[in-house]
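Results of the structural survey
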Amino acid sequence: MIGREKLHEGKAKIVYSTDDPEVYLQDFKDSATAFDGKKKGTIQQKGRMNNAISARLFTLLEKAGVPTHYLQTVSETGMLIRRLDMFQVEFVVRNIAAGSLCKRIGYLEGTPLKKAPVVEYYYKDDGLGDPLLCQSHLEELAVVDPEDLAETTRLSRLVNSVLKEFFAARGVTLVDFKLEFGKDATGAVRLGDEISPDTCRFWDIATGKKLDKDRFRRDMGDVEDAYEEILRRVSSEPGTVV
Ligand code: UDP
């Protein structure tokens, strides 16, 4: 059943086929990259931690009415997922200014966004460096039809409201994050990929400490501890984190 053939190897995950053509195995790796792959490294135990964090968050989102590709956890670093035809778009949702948004619109990092959540669309094209797309570009490229764009945008906002509240109850500010969506065999839109400190910015509410991949990107140290801390928070009951 498990891990037949390697279908795709990305920067942080490997996807394998299984006996069921509609079910894949997603295996999380310890390797990390940043700045379009120019910076490479290893974050010890990242595969295990991102598998557990993503499983917890996908389960939470399913219960809140967000269809996801998650089926079940099958190993320390692996989960079974539904096969999706992925949209060639990355959806970034932002509550607070950080990263590329600061460079784009001149805000200082940490500035709350008046129009939060801001939802952005990026073209998944390595050759072009994953550029930001405006509405007209999306229409021109036809990478997501208007109906699916409305649904993915609605789901992106729902994911934000569910995760923002979940993390706030565990002492973490959800600054921004990246989502990827696709269509399952029935044509329904589902959330795919992962939700982890690789793809989100998390700041500790009490101390402001960054608990995500920015520690790796900016050589801040304590990278493994930050991922472990997020795993501890997502595994905890609301209001119990000290
Ligand atoms: N992000 C991601 N993959 C990407 C680009 C961004 O997971 O290829 C996430 C990133 O971790 C952050 C959010 O999306 O949580 C917004 O990233 P931003 O556009 O600020 O880019 P960055 O500063 O990370 O280059």
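The structure presented is a predicted model; accordingly, all values stated were derived computationally and were not measured.

With that settled, consider the sheet that holds strand E9 (residues 89-94). Spatially, the 5 strands line up as an open sheet ordered E11-E10-E9-E12-E15, and their pairing is antiparallel. This sheet does not close on itself; its edge strands, each paired only once, are strand E11 (132-133) and strand E15 (200-204). Running at roughly 155° to strand E12 (residues 172-179), helix H4 (residues 146-168) makes contact with E9, strand E10 (118-123), E12 and E15 of the sheet.

Bringing the pattern of salt bridges into the picture now. Going through the model one piece at a time under the given rule, you end up with 29 salt bridges. With its nearest N and O atoms 3.5 Å apart, the salt bridge here joins Asp176 to Arg94. Taken as a pair, Asp176 in strand E12 and Arg94 in strand E9 lie far apart in primary sequence, 82 residues in all. The salt bridge partner of Glu229 is Arg233, with a shortest N-O separation of 2.6 Å. Linking Glu229 with Arg233, this pair stays in helix H6 (residues 223-234), spanning 4 residues, or about one helical turn. Per residue, the accessibility class of Glu229 equals that of Arg233, and both read buried.

Close to the ligand lie 15 residues, the nearest being Arg94, Ser100, Asp176, Arg201 and Arg217. A distance of 2.6 Å separates an oxygen atom of the ligand from a polar atom in the side chain of Ser100. Interatomic distance of 2.6 Å between a side-chain N/O atom of Asp176 and an oxygen atom of the ligand. Contact with the protein chains removes 76% of the 500 Å² of surface that the ligand exposes when unbound. Of all the secondary-structure elements, those providing two or more residues to the shell around the ligand are E9, helix H2 (99-105), E12 and E15.

Our focus in this paragraph is H6. Compared with an ideal rise of 1.5 Å per residue, which puts 12 residues at 16 Å, H6 spans 17 Å between its outermost C-alpha atoms and is within 8% of the ideal. Within the span of H6, buried status applies to Val223, Ala226, Tyr227, Glu229, Ile230, Leu231, Arg233 and Val234. Along its buried surface, H6 packs onto helix H1 (46-63), H4, E12, E15 and helix H5 (214-217).

Criteria and cut-off values
Residues numbered from 1 in each chain as written. Predicted model: local features only at pLDDT ≥ 70, side-chain atom pairs only at ≥ 80, totals over all residues. Heavy atoms only, no water. Pairing = 2+ DSSP bridges. Helix = DSSP H or I, 4+ residues; strand = E, 2+ residues; numbered from the N terminus. Contact = heavy atoms within 4.5 Å. Axes fitted to C-alpha atoms, helices over the stretch in contact; angles between N-to-C directions. Salt bridge = Lys/Arg side-chain N within 4 Å of Asp/Glu carboxyl O. Buried < 20%, exposed > 50% of the residue type's maximum accessible area, 1.4 Å probe, protein only. Near = heavy atom within 4 Å. Polar contact = N/O pair within 3.5 Å; in protein donor to acceptor, adjacent residues only side chain to side chain. Areas by Shrake-Rupley, 256 points an atom, 1.4 Å probe, with all protein chains shown as cover. Expected span 1.5 Å × (residues − 1).

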